[in-house]
Amino acid sequence: MVSRTPSGLFPSGPPTRPTYREPHRVTAGGVATGGGAAAAWLLLFGLLGTDVSSYAWWTVVAGLLAWLTALVLVRYGDRGVATGVAIVTAGGWSIAAAAVAVRWATSGDWPLW
């Protein structure tokens, strides 16, 4: 009799390869925690600015530091928190860019230098 390979529709035993589980799954709680921490971080740095130019530069610096932290978290820590940090940082940069664009449009002078 000829042996047939099963289709896999009805498993006949354990998988032939091992199944690996992630130690730090991405969860909604982790994303929310990272987003909240990044929002507070950007707010604290943004409050150091006295005008649009300094606000924008402080936001850029804070965002770069936050993204470096997110890269470390992706490699060694919780990827959900890193995702929240990255998303909120991108949003913070967008707000700073909009503030610069509005200032530029109303004054006709580029506010960053």
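What counts and how
In this numbering scheme, every chain counts its residues from 1 along its sequence in written order. Side-chain atom pairs in this predicted model are given and counted only at pLDDT of 80 or more, local residue features only at pLDDT of at least 70, and totals for whole chains, interfaces and linings cover all residues. Hydrogen atoms and water are omitted, and side-chain values are computed over all heavy atoms in the structure. Per the convention used, a helix needs a DSSP run of H or I reaching at least four residues, while a strand needs a run of E reaching at least two, with both numbered from the N terminus. The globule rule used for comparison is 2.2 Å times the number of residues to the exponent 0.38, while the radius of gyration itself is calculated over C-alpha atoms. Buried, partly exposed and exposed residues are distinguished by accessible area as a fraction of the type maximum, computed with a 1.4 Å probe on protein chains only: under 20%, between the cut-offs, and over 50%, respectively. In this analysis, two residues are considered to be in contact whenever any of their non-hydrogen atoms come within 4.5 Å of each other. For every accessible area listed, the method is Shrake-Rupley and the probe measures 1.4 Å; residues are considered covered only by the protein chains on display. Classification of ring pairs uses Phe, Tyr and Trp, with its six-membered ring standing for Trp, and accepts pairs whose centres are within 6.5 Å; under 30 degrees between planes counts as stacked, over 60 as edge-to-face, and the remaining range as tilted. Only the stretch in contact is used when a helix axis is fitted, and all axes are lines through C-alpha atoms; the angle between N-to-C directions ranges over 0 to 180 degrees. Should an angle fall under 35 degrees it is taken as roughly parallel, and over 145 as roughly antiparallel, whereas 65 to 115 is taken as roughly perpendicular and any remaining angle as oblique. Handedness of a crossing follows from how the near helix is turned relative to the far one, being left-handed for an anticlockwise turn of less than a right angle and right-handed for a clockwise one. Three classes are used, and their members are as follows: Ala, Val, Leu, Ile, Met, Phe, Trp, Tyr, Cys and Pro are nonpolar, Asp, Glu, Lys and Arg are charged, and the others, Gly among them, are polar. Two distance rules govern patches: like charges are joined within 9 Å, and nonpolar side chains (Val, Leu, Ile, Met, Phe, Trp, Tyr) within 5 Å, applied only to residues with over 30% relative accessible area and no salt bridge. We define a salt bridge as a contact between a side-chain nitrogen of Lys or Arg and a carboxyl oxygen of Asp or Glu at a distance within 4 Å.

1. What about the overall build of the chain?
Then step 1. A count of helical and extended segments in the chain gives three helices and zero strands.
Then step 2. Counting from the amino terminus, the chain carries its helices and strands in the arrangement α-α-α.
Then step 3. Relative to its length of 113 residues, the chain is extended, with a C-alpha radius of gyration of 23 Å against a globular reference of 13 Å.
Then step 4. Dimensions of the chain, computed from the C-alpha atoms along their principal axes, are close to 85 × 25 × 20 Å.
Then step 5. Across the 113 residues of the chain, 23% fall into the buried class.
Then step 6. For the chain, the share of sequence-separated contacts (at least 6 apart) that also reach a separation of at least 24 residues comes to 61%.
Then step 7. For the chain, the computed accessible surface area is about 8400 Å², with 68% contributed by carbon and sulfur atoms.

2. Remarks on the packing of aromatic side chains
Then step 1. Summed over the entire model, instances satisfying the criterion amount to six aromatic pairs.
Then step 2. Considering the side-chain rings of Trp-110 and Trp-113, the 6.1 Å spacing of their centres and the 55° angle between planes classify their relative orientation as tilted.
Then step 3. Using a relative accessible area of 28% as the deciding quantity, one classes Trp-110 as partly exposed.

3. Comments concerning the packing of helix H1 (residues 28-46) against helix H3 (residues 79-107)
Then step 1. As a packed pair, H1 and H3 sit with axes 6 Å apart at the nearest point and diverge in direction by 40°. With respect to H3, the axis of H1 lies oblique. As H1 runs across H3, the sense of the crossing is right-handed. Between H1 and H3, the contacting residues are Gly-30, Val-31, Gly-34, Gly-35, Ala-38, Ala-39 and Leu-42 on the first element and Gly-80, Val-81, Thr-83, Gly-84, Val-85, Val-88, Thr-89 and Gly-92 on the second.
Then step 2. Of the residues in the contact of H1 with H3, the class split is seven nonpolar, eight polar and no charged.

4. A short note on the environment of Thr-69
Then step 1. Looking at the element boundaries, Thr-69 is found in helix H2 (residues 52-76).
Then step 2. Thr-69 sits 34 residues away from Gly-35 along the chain, and the two C-alpha atoms are 13 Å apart.

5. Here we look at a nonpolar patch on the surface
Then step 1. Together, Trp-41, Leu-48, Trp-58, Val-61, Leu-65, Leu-68 and Leu-71 give the surface a local cluster of nonpolar side chains, amounting to about 650 Å² of exposed area.
Then step 2. At five residues, the largest contribution of residues to the nonpolar patch is made by H2.
Then step 3. Tracing the sequence through the fold places Val-61 in helix H2.

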